[in-house]
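Chains, contacts and geometry: an overview
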Amino acid sequence: MGTAFTLPAIGPIISGLRRHRLMPLLVIAQIALACAILTNALFLLQRQLAPLLVDDGIVRDEVLLVDQLILGKGRWSTAEVQATREALRALPGVRAVAPTTGVPMRQVMTFELPVKSPAGVTVAATGYAGDGLVQALGLEIVQGRDFSDDEYAATGALFGDGNRGNIVPVVITEALARHLFPDGGALGGRLGGDEGPDDDSYYVVVGTVRHLLRYQLGELDDGQAEYSMLYPARRFDNLPVMSYVVRTDPLRRDEVAKAIPALLERQFGGRLMRGVPPVVIDYESQRRDAFTQRRAAVWLLGTVCVVVTLITVIGIASLSGYWIEQRTRQIGIRRALGATRRQILGHFRWENLLLGCAGLALGLPLALAINQLLMHYHELPRLPLHWLPIGAAVLLLTGQCAVSGPARRAASISPAMATRGA
């Protein structure tokens, strides 16, 4: 038979707190302030950190991004785009080339389309329009397939119509598929614009890829980092900017990167816009540069969380230690009357728990008030309510850790030592 768990008498604990009001009030004030700061800091830290931890789905050490190709006069024609693609393909060490209007981690030219699923779920998804992007980026198809040749528009710019009518095939990420089709069945599913997929014009899902981050870097929060769609596009007439994804032999990537600027100069003979040179960069460097500010924010917010937690632990431990010293005689008397070390330890832990709950009763509304100020003056996001119990749990656990040392010292006091110290 095990020992039954019993709660300590709360009345004597509260009575003791009332007789010594200063120390409890200081602990309550510290927990309330820490709760208000830490809850908001943890929420903002999670928003900044989450996209950094998402697998972007792009093959490592092989991908080069060629971006910011702008003609000094006129617009791009499909013939020029395809000729440049073939020239890039001919470079030694190149495995695949995809012309595209969207390049991962860059925002020179972007587009975002609202789509609505049959379930009524609507989202603004990032669009990558190109030819051969799955192969060039090294994306993993987990369901369905890549685009077939007859699914590319025969006429018009980008989507066109031609032999596809008003139906545009798309490949979407697993994350977007789960959001748009919560009951499953994304493959073959129809997606429409704001009016839904029942119109004559709609998108049809022909495949899903494991991962692909959006290139709108300001839209990576709230679980939307992978809301991306691939569109088949071979017609690039009259576009102001062109980009390419170049997949290489990993051992020759640097060699290819050095050769591309000279190729572009030969290909266009000075027709590119002066003062806006093309960008040729490996994907890992581009990702690192694109996330510089986000990583700095993570370090800053992480430091705030650590400092607030340490200050709270030190403050509670110091106040509790001092308070316990003031009650050494009382502890000794309780030990003399038969209180066990475990009971003394439990008394101070429950005492800290009560103070923690009182501090949270003040700190959680204060956290919401601080968030309202941040929203008003700095346009930061609203603090979701589910972060309140998270902040409360962290503070209660912090309080228990902080009081453990002083409580153990109190439990080790013998009746004889208490009497001599009285």
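Structure report, in brief. Just so you know, these numbers come straight off a predicted model, no measurement behind them.

1. Let's talk about the pattern of salt bridges
Per the counting criterion, the structure on display carries 21 salt bridges. Among the salt bridges present, the one from glutamate 112 reaches arginine 214, with a minimum N-O distance of 2.4 Å. Pair noted here: glutamate 112 is in strand 3 (residues 112-116) and arginine 214 is in the loop between strand 8 (202-209) and strand 9 (228-232), with a separation of 102 residues, a long-range link. Look at arginine 214 and you get buried, because its relative accessible area is 1%. A single salt-bridge network, built from bridges that share partners, covers Arg47, Asp221, Asp222 and Arg294.

2. Brief notes about the pairing of strand 6 (residues 167-173)
Of all 7 residues that make up strand 6, 6 are buried, and the element is covered over most of its length. Relative to strand 8, strand 6 runs parallel, the two sharing 7 bridges. Its bridge partner being in strand 8, isoleucine 172 is matched across the sheet by threonine 208.

3. What to know about helix 10 (residues 341-378)
With 38 residues, helix 10 should reach 56 Å at 1.5 Å per residue; the first-to-last C-alpha distance of 51 Å fits that figure. The largest bend along helix 10 reaches roughly 30 degrees and is located at leucine 360. Glutamate 379 lies just past helix 10 and shows a positive phi near 55 degrees.

4. Some details on the packing of helix 2 (residues 22-53) against helix 10
Two numbers describe how helix 2 lies on helix 10: the axes approach to 7 Å, and their chain directions differ by 35 degrees. Where helix 2 crosses over helix 10, the two elements pack in a sense that is right-handed. Per-class residue counts for the contact of helix 2 with helix 10 are 16 nonpolar, 6 polar and no charged.

5. What about the nonpolar core?
In this structure, Met229, Leu230, Val246 and Ile260 are the most contacted members of the largest nonpolar core, which totals 103 residues. Sorting elements by how many residues they give to this core places helix 2 first, with 12 residues. Once residues lying within four places of it in the same chain are set aside, the contact partners of valine 246 are Glu62, Val63, Leu64, Val66, Leu88, Val94, Ala96, Val97, Val256 and Ile260. Residues Ile331, Ala339, Phe348 and Ala410 belong to the second largest nonpolar core, which totals 10 residues.

6. Let's talk about a nonpolar patch on the surface
Together, Leu33, Ile37 and Leu366 make up an exposed nonpolar region whose accessible area comes to about 240 Å². Along the chain, the position of isoleucine 37 falls in helix 2. Of the residues examined, isoleucine 37 reaches a relative accessible area of 34% and is grouped as partly exposed.

7. Considerations on the packing of aromatic side chains
With the rule as written, the count across this model stands at 6 aromatic pairs. Each ring, one from phenylalanine 111 and one from tyrosine 231, has its centre 5.7 Å from the other, and the planes form 45 degrees; the classification is tilted. With phenylalanine 111 in the loop between strand 2 (94-100) and strand 3 and tyrosine 231 in strand 9, this pair connects stretches of sequence that are 120 residues apart. One exposure class covers both phenylalanine 111 and tyrosine 231, and it is buried. With a centroid separation of 4.8 Å and 80 degrees between ring planes, the pair formed by tyrosine 128 and tyrosine 215 is classed as edge-to-face. Of this pair, tyrosine 128 sits in strand 4 (residues 122-130) while tyrosine 215 sits in the loop between strand 8 and strand 9, and the two are 87 residues apart along the sequence. Judged on exposure class, the residue tyrosine 128 and its partner tyrosine 215 are both buried. What links up through ring pairs into an aromatic cluster is the set Phe111, Tyr203 and Tyr231. Above the face of the tyrosine 152 ring, arginine 234 is positioned so that its terminal group lies 4.0 Å from the ring centre.

Conventions we followed
Position numbers for residues start from 1 in each chain and track the written sequence from start to end. It should be noted that, the model being predicted, local features are given only for residues of pLDDT at least 70 and side-chain atom pairs only at 80 or more, the latter also being counted only at that level, while totals for whole chains, interfaces and linings use all residues. Side-chain figures throughout are based on the complete set of non-hydrogen atoms in the structure, without hydrogens or water. Whenever a carboxyl oxygen of Asp or Glu lies within 4 Å of a side-chain nitrogen of Lys or Arg, that contact is scored as a salt bridge. Strands here are runs of E lasting at least two residues and helices are runs of H or I lasting at least four, both read from the DSSP assignment and numbered beginning at the N terminus. The buried label applies to any residue whose accessible area, calculated with a 1.4 Å probe on protein chains only, is under 20% of its type's maximum; exposed applies above 50%, and partly exposed to all values in between. Pairing between two strands requires that DSSP report at least two bridges joining them. Helix span, expected: 1.5 Å multiplied by one less than the number of residues in the helix. The bend reported for a residue corresponds to the angle between axes fitted to the seven residues ending at that residue and the seven starting there. Throughout, an axis means a line fitted to C-alpha atoms (over the contacting stretch in the case of helices), and angles, computed between N-to-C directions, take values from 0 to 180 degrees. Here is the rule for handedness: rotate from the far helix to the near one, and if that takes an anticlockwise turn smaller than a right angle the crossing is left-handed, while a clockwise turn gives right-handed. When residues are grouped by polarity, Ala, Val, Leu, Ile, Met, Phe, Trp, Tyr, Cys and Pro land in nonpolar, Asp, Glu, Lys and Arg in charged, and all others, Gly among them, in polar. Throughout this description, the term nonpolar core refers to a set of buried Ala, Val, Leu, Ile, Met, Phe, Trp, Tyr and Cys residues connected via side-chain atoms within 4.5 Å. Whether two residues touch is decided by their heavy atoms; if any such pair falls within 4.5 Å, the residues are in contact. Each patch groups residues whose relative accessible area exceeds 30% and which form no salt bridge, using 9 Å between like charges and 5 Å between nonpolar side chains of Val, Leu, Ile, Met, Phe, Trp and Tyr. Here the accessible surface of atoms and residues is derived via Shrake-Rupley with a 1.4 Å probe, and residues count as covered only by protein chains that are part of the display. Ring pairs shown here join Phe, Tyr and Trp side chains whose ring centres sit within 6.5 Å, with only the six-membered ring taken for Trp; geometry is labelled stacked below 30 degrees between planes, edge-to-face above 60, and tilted in between. Only Lys NZ and Arg CZ are tested; either one counts as a charge over a ring when it is within 6 Å of the ring centre and within 35 degrees of the ring normal.

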